[in-house]
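Descriptive structure summary
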Amino acid sequence: MIELSFSAADTGGADRGPRGTMDFAAADLYDLTCEAFRGPYTFRVEGADFSGTGPVLDLALGLFTAAGELAGAGRARYSAAGGAGEYRFERRGGKETVRIHRERDGKGSAEYAEFESATRAFLGEVVRGLCERFPDLRRNPEIRRLREAAAGG
C-alpha cells in the first residue's frame, strides 16, 4: 500500500525574488520545484515511512518521473531537492521496490501499477492544491504541462 499526500494550506510559497516573492506565473520549472512550495508531506509504502518536510512539487514530479522511467527500465533514481534524500527504485517482475539512500529510512515495496497510479494522482493533487492556494500558478506554462501529464495527456 502507498500513501502519498500533502496539505496545500501548510505549504509555503517562496521567499526569492526582488520583492521577496517569486512570480509564479513566469517562474521556470527549477524554481517551482526546488525553490518553492516547502511543506510537510506523507510518503509511506509498505515497510517504510519516507514522510517529511521539503519541496512538495519536487517530490511529486520526482516520483511521477521515476514511475515513468520504470515503465521501460528496471531502475530509476530521484534525488530530492534541498538534500531531502536520494530514492532508488528497482522494478522486479510485477513488483516495485522503493529504497531511500539513507539506511535509517529503510525500504518499502508496492506493486508497480499501484506505484504508477499513486504517483500520477499525487502529482495531480499537488498541482491542483498549489494552484488553489497560489492562483498565479494557473498561468504558468510549466504547471499546465504538469497538469496535463498528471491527467494522462
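Before reading further, recall that the structure is shown in the block above.
Below is a summary of the structure that appears in this document. All values derive from a computational prediction rather than experimental measurement. (Residues numbered from 1 in each chain as written. Predicted model: local features only at pLDDT ≥ 70, side-chain atom pairs only at ≥ 80, totals over all residues. Heavy atoms only, no water.)

1. As for empty space enclosed by the protein
Applying the stated rule across the entire model yields one cavity of 30 Å³ or more. Approximately 40 Å³ is the volume found for the largest cavity. Y41, G54, P55, D58, L59, Y78, A80, A81 and A84 are the residues that line the largest cavity. Counting only elements with at least two residues in the lining of the largest cavity, the list comes to β4 (52–55) and α2 (56–70). (1 Å grid on protein atoms, 1.4 Å probe; cavity = no way out; pocket = protein on both sides within 12 Å on 5 of 7 lines; lining within 4 Å. Points joined across faces, edges and corners; volume = space filled by probe spheres on them. Helix = DSSP H or I, 4+ residues; strand = E, 2+ residues; numbered from the N terminus.)

2. A few points about unusual backbone geometry
Here the phi dihedral of F37 falls at roughly 60 degrees; this positive angle occurs in a residue that is not glycine. Looking at F37, the relative accessible area reads 0%, which means it is buried. (Buried < 20%, exposed > 50% of the residue type's maximum accessible area, 1.4 Å probe, protein only.)

3. Focus on the pattern of salt bridges
One pass over the structure, following the stated rule, counts eight salt bridges. Among the salt bridges present, the one from R120 reaches E116, with a minimum N-O distance of 2.9 Å. A residue pair is termed a helical-turn pair when its members lie 3 or 4 positions apart in one helix, as R120 and E116 do in helix α3 (residues 112–133) at four residues. Take E116: its relative accessible area is 22%, and that puts it in the partly exposed class. Put simply, R139 and D136 hold a salt bridge, and the shortest N to O gap is 3.2 Å. D136 sits in the partly exposed class, given a relative accessible area of 37%. (Salt bridge = Lys/Arg side-chain N within 4 Å of Asp/Glu carboxyl O.)

Any link to function would need more than the numbers given here.
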